[in-house]
Each structure stands twice: as structure tokens, then as C-alpha cells.
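# Per-entry structural report
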Amino acid sequence: MRLEALVTAFMTASMTALVSTGLVVSPPLPATAVTTPRTSASIPLHECAGAAVRCDGTVAVPLDWGNPASERIEVAFAWVPAAKEATGTILANPGGPLPALPDVPRLTRTLGPVLDRMNLLVVDPRGLGESSPLLCPGLKLTEPESVAACAAHLGPRIRFFTADQAVQDMDAVRRALGAGPVTFYGTSYGTAYAQAYAARRPEGLAAAFLDSATITGPDGHVLWPTRFLPERLGFVCGRSRACRELPGDPERTYARLVTHLRAHLDPEVPPPALMSMGRMTEPVFGREVNAAATAYLSGDPAPLRRLASVLNGVPSQPIEGAEWAGYLAYRCGDGSFPFNRDAGPAERQAQLERYFARERPLAPFTLADLGLDARSGLEFCVNWPTPRPAPVLPPHADLPAVPVLVAGGDFDTHTPAEVARAMRVFPGATFVRVPFGTHSLAWGPGAAGECVLAMLRSFVLDHRVPRPRCNAENYRASGAFPRSLGELAPLPAPGLDVERRRVLAAGYATAADAVARRNPYNLVHGRLTEQAGLRAGKVTFGSGLIELDEAAFVPGVTVTGRVTLRPEGKATASLTVSPGTSDGGAEGRVHRVELVWEAFTARERPALSGSFDGTPVKVPEPA
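Residues numbered from 1 in each chain as written. Predicted model: local features only at pLDDT ≥ 70, side-chain atom pairs only at ≥ 80, totals over all residues. Heavy atoms only, no water.

## Regarding unusual backbone geometry
Backbone torsion omega between G96 and P97 reads 5°, so that peptide bond is classified as cis. Considering the arrangement of structural elements, one finds P97 in the loop between β3 (88–93) and α2 (104–111). For the bond from A363 to P364, the omega torsion is 15°, close enough to zero to count as cis. Residue R360 is not a glycine yet carries a positive backbone phi of 45°. In this fold, R360 is placed in the loop between α13 (345–359) and β9 (404–409). (Helix = DSSP H or I, 4+ residues; strand = E, 2+ residues; numbered from the N terminus.)

## Looking at helix α5 (residues 190–200)
Counted residue by residue, α5 has eleven buried out of eleven residues, so it is predominantly covered. By the burial criterion, the buried members of α5 are G190, T191, A192, Y193, A194, Q195, A196, Y197, A198, A199 and R200. (Buried < 20%, exposed > 50% of the residue type's maximum accessible area, 1.4 Å probe, protein only.)

## A short note on the pairing of β3
Most of β3 is tucked away, with six of its six residues classed as buried. Alternating positions in β3 separate into two faces, G88, I90 and A92 on one and T89, L91 and N93 on the other, with burial throughout. Pairing between β3 and strand β4 (residues 118–123): five bridges, direction parallel. When the sheet's bridge partners are listed, G88 is paired in β4 with M118. Once you follow β3 into α2 and on to β4, the crossover reads as right-handed. Taken together, the five bridges between β3 and strand β5 (residues 182–187) define a ladder with parallel strand orientation. Looking at β5, one finds that L91 is bridged to F184. (Pairing = 2+ DSSP bridges. Right-handed = clockwise from strand over helix to strand, strands pointing away.)

## Structural notes on the sheet that holds strand β10 (residues 429–434)
Taken in spatial order, the eight strands make up an open sheet running β1-β2-β4-β3-β5-β6-β9-β10, and their pairing is mixed. Whereas interior strands pair on both sides, the edge strands pair on one side only; in this sheet they are β1 (55–62) and β10. Looking at each pair of strands side by side, their axes are set apart by 20° on average, direction ignored. Bridging between β9 and β10 involves six bridges; their strand directions are parallel. (Axes fitted to C-alpha atoms, helices over the stretch in contact; angles between N-to-C directions.)

## Some thoughts on the sheet that holds strand β13 (residues 545–552)
The strand order across the open sheet formed by eight strands is β11-β12-β13-β14-β15-β16-β17-β18, and the pairing between neighbours is antiparallel. On the outer flanks of this sheet lie β11 (530–532) and β18 (615–619), each paired with one strand and no other. Here the strands of the sheet are splayed against their neighbours by 15° on average, with no regard to which way each runs. In this structure, β11 lies alongside strand β12 (residues 536–542), joined through three bridges in antiparallel fashion. Along β12, the bridge assignment pairs A532 with K538. Each of β12, β13, β14 (558–565), β15 (570–578), β16 (591–598), β17 (608–612) and β18 is contacted by helix α16 (residues 498–516), which is oriented at about 55° to β16, the strand it contacts most. (Contact = heavy atoms within 4.5 Å.)

Now the structure itself:
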């Protein structure tokens, strides 16, 4: 959901840390409560139907598609005709639920050469952007009184600003442009619109590409799961030999850490930041969080505090303003929550409190850990009336057997297993898991983003599932952080004695630690211009260049020099390594280390080549 990208990119404020994830299921509604109109009056062709270049317009539609005589509202759209003879039309929605028209430039760049042969249609969902927007001046989503006042201000009309109505609008625009069945391209919440469209206008759907799918509960309403998934800690650690060698079970270690910090508050590691680390959406977190948790409990807080320091500096995105009323209408009207939709605010609140007390979906965290109170602003929709059942997928929906390709990542809002199971409602669906992928995959960075983008472009053209499989797994979780040079395993470099092989290992570990901050899938760390070394010194990040200034990853061992990173991931380091004073052996000198390796791979450690004080070295990859 685009709200996730806007307001939860590793926020440290306790409320905003939870905004993107929502809640889980309420009791199923009876099937008889759903109205699914399949017909409407014919719509005359819009003037944009004959356009040769982008054409923006509006179409008048009924407020209630179940009552064609109801109030008329205006729905805005952008129509981008194919550059050459069109073979079909893509109906795209970028998610949110937020306005779609501002994303037309990004959607055109995403689809690129596809638009030579395919038309592009983008519709602002009703109530958002330019489509009869719902507005509540002074609205603050985190204040229940403000949400209730907004609902009262807008009145009973808000019950029709939901996905089941919005997709009827989209189809009305399609028909007004004279377009045939569309290929629906939905990202995040756009996939909810795609499902609602398939259920209500199957004749208008030729195929669908769903990126980071939103799924529904047994009642057909959208799930917004507010939860922490500690099993991801074990999943990432289990793929790394070094991490598996850490003492204890990753989930239990993390629970012990939360318990410890509850009893011994550390202002440098606030619980919301700790929870963000455990979501694994940042490669640096996946690489280091298990080892950092173990180190903290062993009396070494530096690795965990360094991770938290990055999160503590990220500004929060305010979730307030008149335009958020439209978002609330969809979230609350489409959503499934752990309270009854037909209950009043007081009973909803009571049900919500019982749910969090009984189920503890944020465990090992509690609401108190995160500074939250179930009685005040935890779930926006407690105070938003939902008198009209509006399931995105009507119970027992019979969806068309058209080609559907669904891409989902390991670290998305919903797990791959959940998405694959939910997408079985499409008879022709194929689910493609992207290992270590997060959200909005086709817009993601690095090779994985390029791969999903190529898969999208190929599929929307011919509706065939491409053979290539995309993968964002490009690291292995770390082992224990060394507390001294003696704790560091020497690298197996022939021709060097043990002391020198340890110094070589320290130089490489320091450089690799800095390089990890430039993993192409990083979000927050990728924006760093500098960061303190783990134990001492400083690391400065430039374009393709990393400067180390007496940076210490291993206590007492300082490293100065630079690492050059090529776009394909080749790292070249030219370093001076000073192990400090000793008895005159390797540890008592400044050593010159030159190393080359392939960064960002799913290996325990890559092969290394270079030199140590002028002596050529080759270090093979571990068996």
C-alpha cells in the first residue's frame, strides 16, 4: 500500500510505526448483504476516445451504482493512447488508497516500451484527487475525535466511496473511451481494485498483473494486519551458517531483548525502532539484527545502537490534512477489522482492546512498549461508520478464468503463503515469490526491481508468464560481532601467518561492513552520507565511493582508505590497517591491504583477491 511508503519507512514515532499494517479479521457477513450490479446504461463515447496523445477528462457516474437514479458525481481520468496501433489497454492503479493521477508519469516510465502497443488508462478513484474528492479540513487520523467529526461532516454519502463502487466507475470510463477488455495492472492497494473489478466486471477484464497483493478475509473485506512476524528473524538467520552459530534461537533471543529493554530502558534503542529492525525490510537489518540482539544481551550494545541510530533520524510523515478523508473512506469501508462493522464506536473499542489483550499480534512487543493505547487512535476506523457492507470480494465470488500473474516478496505486508492462498480465487492465477523482496516490487531498486519490471512488461503484452524468476536475496546474516582481534577467525590466505591472516580478516570485515550500507535494496541506509564506525572513526559515503577514516569494526583495529563500488557490485578496497601496538609482530605495524571481491551476494563470504603488504593473496570462498 502506498501509505506504507509514505508514512512507515522506519518511523520512530510509536503511532506512525504501525500505520501501514492495519488490523485483522472481523466476523463474516452474510452473503445476502452484498449487491453486485452487472449492468448499467450505455455511455456515449468521450471526446478523449479519438485522442492521439494524452487526454484528461471526466465522466459522470451515479453515487450508488445500485441505484442509477442516485446523485451524479464526476470521476477524473487520464487516457494515454498507444504510440502505434493499439493491441489492448492497461488499466493501472498505483495503490494507496490514494489519488492515482499524480502517478501517471511514473506509470508511463514503468511501462515504457509497452505503451508503443498498449493504451494506458488511469482513473482517480472516487473521493480521491480530482474525482469528487472527500475533504475534511483539520483532519488528523491519529485523533479519534477528528475522525468522528470528519465522518459526521461528510454524512451518509461516505458509504459509497469504496472499491466496489470505484471499479464500476473505472469500467464506465473504459466503456466511454470505447476500449475493449483491459489488462489490470495493480500495485499494493491497486490489487484490491483489480480483485473488485474482476468480481463485478468480468467481461471487462482480459488479464491482471498484481504486484504486492492486498488480500481479503473470510468476509471479503481487505485485511490490514497490525502485527509483528518474529519468524522472519529465524528465516533469515537460518540461511546463514555464521548466524546459526549464534547462541540460542533468534525469536527467543529477540523476545529476551524486548523483555530486557522493557525493564532497562535504553533511550538509544526505542521499541518502535527495534520493531522496525525486525521487519527485515532493510538488508542491513536482516544482515545484522540477530547478531546485534545477541551482542546487546551479552553486554555489547554498540551494534544494536548503531542500527537504531539510523531509524531515530528518519522524519515522520504527518498523516493529517483534509485530503485524508478519502483514504479513510476506503480503509474503513473496504476493511476487515477485529471489531464488528455494525457496532458503535464504544463497542468497537471494547472489541479492539479484547483482541489485542487476547491475541497479542505485536508480540513480543506490547502496546505499552510502543507507547500505544487501544483506547486512543490505534485504529482509525473505530470512529468511522460502515453501515453498508462493501466487500472487495463478494462471498463465493466467481472470478473469470483470465491470466493473472501475482508477484509477492518474503518481507511484504502479507507473507508469500498468505498471498498465494488468497489468489486461488482466480482460476488462472500464477503466484511468483520474490525471495527477500519487500513491497511494490516493480518499482524496487537493483536487479530484483529490474527483473520484476521486465516480468511486468512481458506479461501485459502477451499474458504469458515469463520464465525468469526474480530474487532480492543478496546477503547472508552476520555472525557474532568480534570484541577483539583474537576473536576474529583468520582468513584462509596461503602464504600469511595466523596473525597476518587475522589482520587481513579485520581489514576485510571493516570494509564489508561499510559496503553493506550501500546494498542496492537499502532504503534508509542508502541515504546516509556518513556514519560513525562501529567502534571508532568515521565512514563517508559518496557516489560509488566509500571513505574510511580510522574506522574500527574490530576493537583496537583502525582502517583508513577507500572502497570503490561498481554498479554491478564489484568492490575494490585500498586500505591501511593498524592493529595497534603489540610485541612487534603483525599487530604492531601498519599494514597495506588491497582487496577485490563481489559484493551483495547470497554467500557466507565471497572469494577475495589482492595483496597484503605487497604479498599477493587469494582467499577462496568457503566450501
